[in-house]
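Letter by letter, the chains look like this.
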Amino acid sequence: MLLVAEPTLGEEEKAALAAVIDSGWITMGDRVAAFEKAFAAAHGVADAVAVGSCTAGLHLVLESLGIGPGDEVLVPAMTFVATANAVLHAGATPVFVDIEALDRPLMAPDDAKDKLTARTRAVILVDYAGTLPDPDLWRAFAAAHGLRLIEDAAHAAGAEGAGAIGDAGVFSFYGNKNMTTAEGGMVFARDPAVLERIRRLRGHGMTSSTRQRLSGHAQGYDVTMLGYNHRMDELRAAVGLVQLAKLPAWNAKRRALTEAYRQRLRRACPDVLVPFADNQPSSNHILPVLLPEGADRETVMDALRADGIQTSVHYAPVHLFTLYRERCPDVALPLTEEFARRELTLPLHPKMEDAQVDTVVQALADALSRADVRGVAELEGSE
Ligand SMILES: *Cc1c(COP(=O)(O)O)cnc(C)c1O
């Protein structure tokens, strides 16, 4: 089966894990600190805080920026549910914003403006598929309306400028992301004081770490805020350091595969829409396409599966989940909903061969040409 996403893990990761085990120091030590420094440097920022997940990182960012009960946070619905969950975890209210266009599924500035109220305190942008929203536009928007600007950069590891659009940015190292630590995340924040608060919130609100105390750099500790345990361990950080070194080559491969997909889809499936412009800077995290209006996605997915090709959907829109229908009723996002109805994610990962792009595109073209895939209306009367 050709999978939609697949982690690349091997001997170097095994050796890195073995070295941590042999060292006897398994959490919050030199490797976590080294991973933070290296990940920050790779993205051109001064410092970073490693956390247990992107979701935990988003929660810590919201809390450290003082966003909580009574506050509204603009979020896209075309994202993984964690973006909005983090807002609820912080006690604030997510307000869903539509996408710009079917071929640009990023938060729409016009709709964001329409959704502002006296309670709006922040915006969380999502770098969908690894494409960054326009930084200048959103910085101006946030400044004009007195908002905090937060970036869910879960898709964008390795993309230029990722995580640094606004006040804070958070990455994910979950198993299907461009680089992985199995579970894990990384936080950037422009204000070093905010990043320090996040560092403290990550570890129970304590003023010093076990490492600092045992190495004689600190005696005892105080607790100055209600913190969490959102730490990263040495095993994950060691894997992260290995993966980070390989990320540029993997992202280059993703980019080349994406370009190949674009060319071949244009030729073989002219009525399939590939979002985003050619050559747009991106980490090329996933390969989303929009099927023609009326095509039956389930049938297409079944046909591709029968050909040994896994596909998926990014995403079921968050505002339509039961939890969010209850918490945020009567939300209508026409473009997001159409995008979600027609979207299909094709396999894209660095282990893929060029020739597999041809196989996928041919299988998709074949599936779409079959009568049972076309709209129900077309089928009526034909059987
Ligand atoms: C994967 C993902 C997350 C969650 O990341 P975790 O590290 O699993 O918490 C959040 N937002 C987006 C857009 C994601 O794709």
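Note that the structure is a prediction, hence the values are computed from the model and not measured.

### Quick notes on the pattern of salt bridges
Oppositely charged side chains may form a pair once their charged atoms are brought near each other.
Working step 1: Inspection of every chain in the model, using the stated rule, returns 24 salt bridges.
Working step 2: Here Lys246 and Glu13 are joined by a salt bridge, their closest N and O atoms 3.4 Å apart. Here Glu13 lies in helix α1 (residues 11-23) and Lys246 lies in helix α9 (residues 234-268), a separation of 233 residues in the sequence.
Working step 3: Owing to a relative accessible area of 23%, Lys246 belongs among the partly exposed residues under this scheme.
Working step 4: With a relative accessible area of 3%, Glu13 lands in the buried category.

### Focus on α9
Working step 1: With 35 residues, α9 extends 47 Å from end C-alpha to end C-alpha; this agrees with the ideal 51 Å at 1.5 Å per step.
Working step 2: Along α9, the helix axis deviates most sharply at Leu247, where the bend reaches about 45°; the proline Pro248 sits within four residues downstream.
Working step 3: Two to three positions downstream of the cap, the backbone nitrogen of Leu235 sits 3.0 Å from a side-chain oxygen, assigning the N-cap of α9 to Asp233.

### Digging into the site of the ligand
Working step 1: Taken together, 16 residues lie around the ligand, and Thr55, Asp152, His155, Ser172 and Lys177 are the ones closest in.
Working step 2: Contacts to the ligand include His155, whose side-chain N or O atom sits 2.9 Å from an oxygen atom.
Working step 3: Lys177 is positioned such that a nitrogen or oxygen atom in its side chain is 3.3 Å from an oxygen atom of the ligand.
Working step 4: Within the complex, 94% of the 390 Å² of free accessible area of the ligand lies under protein.
Working step 5: Elements with a minimum of two residues in the shell around the ligand: α3 (54-64) and α4 (82-89).
Working step 6: A per-class count over the shell around the ligand returns 7 nonpolar, 7 polar and 2 charged.

### Topic: α3
Working step 1: Burial runs high along α3: 9 of the 11 residues are buried.
Working step 2: Three or more residues of α3 are buried, namely Cys54, Ala56, Gly57, Leu58, His59, Leu60, Val61, Leu62 and Ser64.
Working step 3: Two or three places before Thr55, at the start of α3, stands the capping residue Ser53, its side-chain oxygen 3.4 Å from that residue's backbone nitrogen.
Working step 4: Gly66 sits one or two residues past α3 and shows a positive phi near 80°.

### Quick look at the sheet that holds strand β2 (residues 72-76)
Working step 1: Taken in spatial order, the 7 strands line up as β1-β9-β8-β7-β6-β2-β3 in an open sheet, and their pairing is mixed. In this open sheet, the two edge strands, each paired with only one partner strand, are β1 (49-51) and β3 (93-97). The average angle at which neighbouring strand axes cross in this sheet is 25°, direction not considered.
Working step 2: Packed onto the sheet, α3 meets β1, β2, β6 (120-126), β7 (148-152), β8 (168-172) and β9 (185-189) and runs at close to 165° relative to β8.

### Some remarks on empty space enclosed by the protein
Working step 1: Across all of its chains, the model carries 3 cavities of 30 Å³ or more by this definition.
Working step 2: Here the largest cavity is characterised by a volume of approximately 150 Å³.
Working step 3: Together, 18 residues line the largest cavity, and Thr258, Arg262, Phe276, Ser282 and Asn284 are the ones closest to its centre.
Working step 4: When contributions to the lining of the largest cavity are tallied by element, the ones reaching two or more residues are α9 and β10 (287-290).
Working step 5: Looking at which element gives the most residues to the lining of the largest cavity, the answer is α9, with 4 residues.
Working step 6: For the lining of the largest cavity, the residue count by class is 8 nonpolar, 6 polar and 4 charged.

Each value, and the rule that gives it
- Within each chain, residues carry numbers counting from 1 in the order of the written sequence.
- For a predicted model such as this one, the threshold for reporting local features is a pLDDT of at least 70, and the threshold for listing and counting side-chain atom pairs is 80 or more; totals across whole chains, interfaces and linings nevertheless cover every residue.
- The side-chain numbers reported here are obtained from all heavy atoms of the structure, hydrogens and water having been left aside.
- Any carboxyl oxygen of Asp or Glu within 4 Å of a side-chain nitrogen of Lys or Arg constitutes a salt bridge here.
- Runs of H or I in DSSP of at least four residues are treated as helices and runs of E of at least two as strands, each being numbered from the N terminus.
- Classification of residues uses two cut-offs on accessible area relative to the type maximum, computed with a 1.4 Å probe and protein chains only: under 20% is buried, over 50% is exposed, and between them is partly exposed.
- Take the residue count of a helix, subtract one, and multiply by 1.5 Å to get its expected span.
- We define the bend at any residue as the angle between the axes fitted to the seven residues before and including it, ending there, and the seven starting there.
- In protein, a polar contact requires one atom able to donate a hydrogen and another able to accept it; more generally it is a pair of N or O atoms within 3.5 Å, and residues adjacent in sequence count only if both atoms are side-chain atoms.
- Any residue with at least one heavy atom within 4 Å of a molecule or strand is counted as near it.
- Here the Shrake-Rupley method, with its probe set to 1.4 Å, supplies the accessible areas, and only the displayed protein chains count as covering residues.
- The residue classification treats Ala, Val, Leu, Ile, Met, Phe, Trp, Tyr, Cys and Pro as nonpolar and Asp, Glu, Lys and Arg as charged. All others, Gly included, are polar.
- At least two bridges found by DSSP between two strands is the condition for calling them paired.
- The axes are straight lines fitted to the C-alpha atoms, using for helices just the contacting stretch, and the angles between their N-to-C directions are given from 0 to 180°.
- Any two residues whose heavy atoms approach within 4.5 Å are treated as being in contact.
- We place a 1 Å grid over just the protein atoms. Points where a 1.4 Å probe fits but has no way out form a cavity, open points with protein on both sides within 12 Å along at least 5 of 7 lines form a pocket, and any residue with an atom within 4 Å of a point lines it.
- Grid points are joined across faces, edges and corners, and a volume is the space filled by probe spheres set on the points.

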